[in-house]
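Residue strings, one per chain:
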Amino acid sequence: MSKTKDSFSKVSRRDFIKYSVAAAAAAPFALSMNTAHAVDTTAHIIIVGAGAGGTSIANRLSTKLPKAKITIIDAREEHFYQPGWTLVASGLWNKNQTITTTKEWLPKGINWVQGMVAGYNPDSNQVSLANGDTLTYDFLIVASGLQLHYDGIAGMDANLIGQGHGIGSVYAGAAAAEGTSKEIEQWIKKGSGRGLFNLPTTALKCAGAPLKMTFTTLDRLEKSGQRDNFDVEFMTPTGRLFSVPFYHDFVAERFAQQGVVKNDLWTLTGIDHGAKKAYYDVDGVEQTKEYEFIHVVPPMTAGSAIGNSPLAFQPGENFAGWLKVDRETLQNPDYPNVFGIGDVMGMPINKTAASVKLQAAVLEHNFLAHLKGEPLTAKHNGYTSCPLITAIGKAMLVEFGWDGKFLPSFPFIDPKKESWAVWVMKEQMLLPAYYAMLHGKA
Ligand SMILES: Cc1cc2nc3c(=O)[nH]c(=O)nc-3n(C[C@H](O)[C@H](O)[C@H](O)COP(=O)(O)OP(=O)(O)OC[C@H]3O[C@@H](n4cnc5c(N)ncnc54)[C@H](O)[C@@H]3O)c2cc1C
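What comes next concerns the included structure.

About the thresholds
Residues numbered from 1 in each chain as written. Predicted model: local features only at pLDDT ≥ 70, side-chain atom pairs only at ≥ 80, totals over all residues. Heavy atoms only, no water. Helix = DSSP H or I, 4+ residues; strand = E, 2+ residues; numbered from the N terminus. Rg over C-alpha atoms; globule rule 2.2 N^0.38 Å. Buried < 20%, exposed > 50% of the residue type's maximum accessible area, 1.4 Å probe, protein only. Areas by Shrake-Rupley, 256 points an atom, 1.4 Å probe, with all protein chains shown as cover. Lys, Arg positive; Asp, Glu negative; His and termini not counted. Charge placed at Lys NZ, Arg CZ, Asp CG, Glu CD. Salt bridge = Lys/Arg side-chain N within 4 Å of Asp/Glu carboxyl O. Polar contact = N/O pair within 3.5 Å; in protein donor to acceptor, adjacent residues only side chain to side chain. Contact = heavy atoms within 4.5 Å. Near = heavy atom within 4 Å. Nonpolar A, V, L, I, M, F, W, Y, C, P; charged D, E, K, R; others polar. Core = buried A, V, L, I, M, F, W, Y, C linked by side-chain atoms within 4.5 Å.

So, about the overall build of the protein chain. In terms of helices and strands, the protein chain carries ten helices and 22 strands. The C-alpha radius of gyration computed for the protein chain amounts to 22 Å, which stays within 12% of the reference 22 Å derived for 442 residues, consistent with globular compactness. Seen through its principal axes, the protein chain has C-alpha atoms that stretch 65 × 50 × 35 Å. For the protein chain, the proportion of its 442 residues judged to be buried stands at 56%. About 17900 Å² of surface is accessible on the protein chain, with carbon and sulfur atoms providing 49% of the total. Side-chain charges in the protein chain split into 41 positive and 41 negative, and the spacing between the mean points of these groups amounts to 8 Å.

The following block contains the structure:
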């Protein structure tokens, strides 16, 4: 199996530290935009979701709209730094490094409703909660992320992850990420067997995460000294490994070098956890694969509350079921008092925390402009970014916008090369940058 350490880009440690300090801790989170001064409004603004997007925009608006009433709705008491879960599932971080509380990030004076929105009625400017309550708004910001559908795979249940059945999934939460690492460890201890890594048919958040999990597992297999005893296969429903052709080709080539069998047009449809068998649809024909370890990536949607509402793209439209917004202004075209941020939005790319950072600046600008009756001049460029981990200690800074256009932030980092510098960014610098983003800063 090939070693790739000689392909590190030539960034010295000194240069990296010098530049990275100047670049304010991690490019993916580094955009500033001139925004308007405080606006004098007593409007009621509801934000649905207190994750990365909801918290970030809540902090920004609470500064700019001191007299407004801002309500944020989310039942979740824990805040998760989800980009850390690939590190947890690779055995490098403790899960607690990714867990804080929702409360500590919310601005003072905000009204936090601990519940879940079950329905949207934008014609009467209302949202209904799962407990039956109804809330009325003047303006609405939808930031409810996406929903995972493990039940879309027959026999699969998120509770099976990390329970000794050889099932892992980095997406299901901090404990599941930890359980995934344990399953990989058990597989390696067995000394042989097949590992299956999957992609879903739907859009997914951090589309690089399933690839990262494959690469860090390959690294762990190599380090066991018995790599040749293990079979590693990667299954793709579409044949695409990544939306940007350069990264698709890079990963396909690296898989070939590292002995990963790539199975195109294989969709995971079922799992028999007792027999350790996975079932696939391959062009209408069912195929079965036995495994010692399987990394499951569930189908993902915006959730039924949005999907069944007039706020979503409708059946027959691109992105049906996802929140409808203009991809540049982030405003709903049918209900101009409704905006969106984050994974919930129907967009071809953009489901990363780094995208949220850029979206928050655009949304703040346009939201304030809308309040003042001015044109929405800020335009989101589709910025999507994640450090694509290619081995433990190596990563490539993937940054692109609409139509796969490269949008590199650092002049000294080649977006087409792996480096230790980008690994350090992923491992040490993105967490504080993410928390600054939650506070609406940077
Ligand atoms: C394994 C993994 C690795 C990742 N790696 C990276 C990375 O390296 N770099 C990167 O930039 N991004 C990464 N991401 C993606 C990033 O975490 C997300 O894109 C980001 O969190 C999206 O923010 P959001 O606010 O849209 O959703 P979230 O942060 O998921 O927050 C959504 C919130 O909405 C709430 N909610 C949901 N439904 C409702 C409802 N009906 N009513 C009220 N509240 C509701 C939820 O409880 C949640 O708190 C990764 C994600 C995962 C899972």
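Here we take up the pattern of salt bridges. All chains considered together, the criterion is met by 15 salt bridges. One salt bridge in this structure joins Arg194 and Glu233, with 3.0 Å as the shortest N-O distance. Placement of the pair is Arg194 in strand 12 (residues 193–198) and Glu233 in strand 13 (residues 230–236), with a sequence separation of 39 residues. The class for Arg194 is partly exposed, based on a relative accessible area of 25%. Relative accessible area serves as the criterion here: at 7%, Glu233 is assigned to the buried category. Taking the shortest distance from any N to any O, the salt bridge between Lys276 and Glu292 comes out at 3.2 Å. Of the two residues, Lys276 sits in the loop between strand 15 (266–272) and strand 16 (277–282) while Glu292 sits in the loop between strand 17 (285–290) and strand 18 (293–295), which places them 16 residues apart along the sequence. Accessibility expressed as a relative area gives 24% for Glu292, which makes it partly exposed.

Structurally, Gln331 is set in the loop between helix 8 (304–307) and strand 20 (338–340). Only 2.9 Å separates the side chain of Gln331 from the backbone oxygen of Pro336, close enough to count as a polar contact. Residues within four places of Gln331 in sequence aside, it is in contact with Val325, Asp326, Pro336, Val338, Phe339, His370 and Leu376.

A few words now on the site of the ligand. Around the ligand sit 32 residues, and of these Gly53, Asp74, Val117, Asp343 and Ala354 come closest. Between the ligand and Gly53 there is a distance of 2.7 Å, counted from an oxygen atom to a backbone nitrogen or oxygen. Contact distances for the ligand include 3.5 Å between a nitrogen atom and a backbone N or O atom of Ile73. Counting only elements with at least two residues in the shell around the ligand, the list comes to helix 2 (52–64), helix 9 (353–371) and strand 21 (384–391). Of the residues belonging to the shell around the ligand, the class tally is 16 nonpolar, nine polar and seven charged.

Once that is clear, we can look at the nonpolar core. Soluble globular proteins tend to bury their nonpolar side chains together. Within the largest apolar cluster, 136 residues are counted, with the highest numbers of intra-cluster contacts made by Tyr120, Leu140, Ile141 and Ile294. The greatest single-element share of this core, amounting to ten residues, is contributed by helix 10 (residues 420–438). Once residues within four sequence positions are removed from consideration, Ile294 is found in contact with Gly166, Ile167, Gly168, Leu196, Asn198, Leu268, Ile271, Ala278 and Tyr280.

Moving on, we come to unusual backbone geometry. Glycine aside, residues mostly have negative phi, and peptide bonds are mostly found in the trans state. Phi at Asp283 is positive, roughly 55 degrees, even though this residue is not glycine. With respect to the element layout, Asp283 can be found in the loop between strand 16 and strand 17. In this model, Leu330 sits at a positive phi of 70 degrees, which is unusual for a non-glycine residue. Within the secondary structure, Leu330 sits in the loop between helix 8 and strand 20. What makes Leu330 buried here is its relative accessible area of 0%.

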